[in-house]
Amino acid sequence: MTTFLALCLLSRLAYALNDVFVSRLARQHSHVEIAALRGLSLGLTMAPLLWWVPLEAWGALADRWPTYLLTLVVTAGANVLANRAARHLPFGLRAALVLATLSLATVVLGAVLLAERLSIAQGALCALLIGSTTCAAFGSHAAHEIRPSIPKGSALALGTGICLAVAAVLTKRLVAETHPLLTAWAWELGAGAILVVPLLWERRSGGEPGLSRRFLRTAAASAPTAIGSAASMTAIGMGALGLWGAVAGTQVLFTAALGVLWHRETMGVRRWLAFAAASAAVSGLALL
């Protein structure tokens, strides 16, 4: 359990960095383009991970192409929705809505589709973790470069969370039947590649110049995901989907901390209490 939690927390720190960096680009450029460039660039930055993938895992992935293709479609949709939501919501509020939806949906899907059953203690700690991390996100947030639209942004964030929960179910299956590092690489690369056609259609009448420069900027912004997805896919193969989803909510804590460091947002007593409650929940899960 300790290794599982450590991998989950590492992945969420990496995803929080990716979220802030990539979302800044999505606020300035096409949300479809940034989602596509992110995935394609990760195909390069994550390629060294394939050194540890056995040859038979490739054949296993090819045999499961319908599941893989569905995973790509759902993930690509989630990435586009997340980028659109970034234009209407502050980072912290968007993270709260996305991750609360993801956490709750994975608990439900784990129980319904995978017959997972958490103990009463685990369920209570997961509820404490989801509640405290969501509470940490609300309040004062930097809202630069956006035109706030809470209803539209919230709908996009909820859609993102639901899509990510479905993708989590599918990737957990692929991890079990192939290899976690191969799944992580193929998942990120494929989710970008499948958006190339919509991107070309979007740019059919020209488009914004400087595509190669934006590719390099997106590659640098999304680089933490190489660690995040590798750790996340390894963790999702080790523990219950619902537990993985609950711990995913800790990303909000990292996002709030980044808001303090980079945007000079104030923490306040409420956020400190939320941090303490979330830390207690994670510690309790580790002990269980």
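Just above sits the structure.
Rules and cut-offs
Residues numbered from 1 in each chain as written. Predicted model: local features only at pLDDT ≥ 70, side-chain atom pairs only at ≥ 80, totals over all residues. Heavy atoms only, no water. Helix = DSSP H or I, 4+ residues; strand = E, 2+ residues; numbered from the N terminus. Buried < 20%, exposed > 50% of the residue type's maximum accessible area, 1.4 Å probe, protein only. 1 Å grid on protein atoms, 1.4 Å probe; cavity = no way out; pocket = protein on both sides within 12 Å on 5 of 7 lines; lining within 4 Å. Points joined across faces, edges and corners; volume = space filled by probe spheres on them. Nonpolar A, V, L, I, M, F, W, Y, C, P; charged D, E, K, R; others polar. Phe/Tyr/Trp six-rings, centres within 6.5 Å; stacked < 30°, edge-to-face > 60°. Lys NZ or Arg CZ within 6 Å of the ring centre and 35° of its normal. Axes fitted to C-alpha atoms, helices over the stretch in contact; angles between N-to-C directions. Parallel < 35°, antiparallel > 145°, perpendicular 65-115°, else oblique. Left-handed = near helix turned anticlockwise from the far one by under 90°. Contact = heavy atoms within 4.5 Å.

What to know about the environment of threonine 255
- As for its position among the elements, threonine 255 is in helix H13 (residues 251-263).
- The class of threonine 255 is buried, set by a relative accessible area of 6%.
- Considered as a pair, threonine 255 and tyrosine 15 are 240 residues apart in the sequence and their alpha carbons are 9.2 Å apart.

Brief notes about empty space enclosed by the protein
- Within the structure shown, the criterion is met by 2 cavities of 30 Å³ or more.
- Its boundaries defined by the atoms lining it, the largest cavity holds a volume of some 520 Å³.
- As for the largest cavity, its lining consists of 30 residues, of which Tyr15, Asn18, Arg38, Asn79 and Leu164 are closest to the centre.
- Counting only elements with at least two residues in the lining of the largest cavity, the list comes to helix H1 (2-28), helix H2 (31-45), helix H4 (65-85), helix H5 (91-113), helix H7 (150-177), helix H8 (180-193) and helix H11 (224-236).
- Considering every element that reaches the lining of the largest cavity, the biggest residue donor is H1, with 6 residues.
- Broken down by class, the residue content of the lining of the largest cavity amounts to 16 nonpolar, 9 polar and 5 charged.

Describing the packing of aromatic side chains
- What the rule picks out here adds up to 1 aromatic pair.
- Pairing tryptophan 58 with tryptophan 185 gives two aromatic rings, centres 5.7 Å apart and planes at 65°, and the pair type is edge-to-face. Of the two residues, tryptophan 58 sits in helix H3 (residues 55-63) while tryptophan 185 sits in helix H8, which places them 127 residues apart along the sequence.
- By relative accessible area, tryptophan 58 is classed as partly exposed at 35%.
- For tryptophan 185, a relative accessible area of 15% translates into the label buried.
- The ring of tryptophan 201 carries the charged tip of arginine 204 above its face, separated from the ring centre by 4.1 Å.

With respect to the packing of H1 against H11
- For the pair H1 and H11, the least separation of the axes is 8 Å and the interaxial angle reads 150°. When the interaxial angle is binned, H1 and H11 end up roughly antiparallel. The two elements H1 and H11 meet at a crossing, and its hand is left-handed. Packed against H1, whose contacting residues are Phe4, Leu7, Cys8, Leu10, Ser11, Arg12, Ala14, Tyr15, Leu17 and Asn18, the element H11 presents Pro224, Thr225, Ile227, Gly228, Ser229, Ala231, Ser232, Thr234 and Ala235 at the interface.

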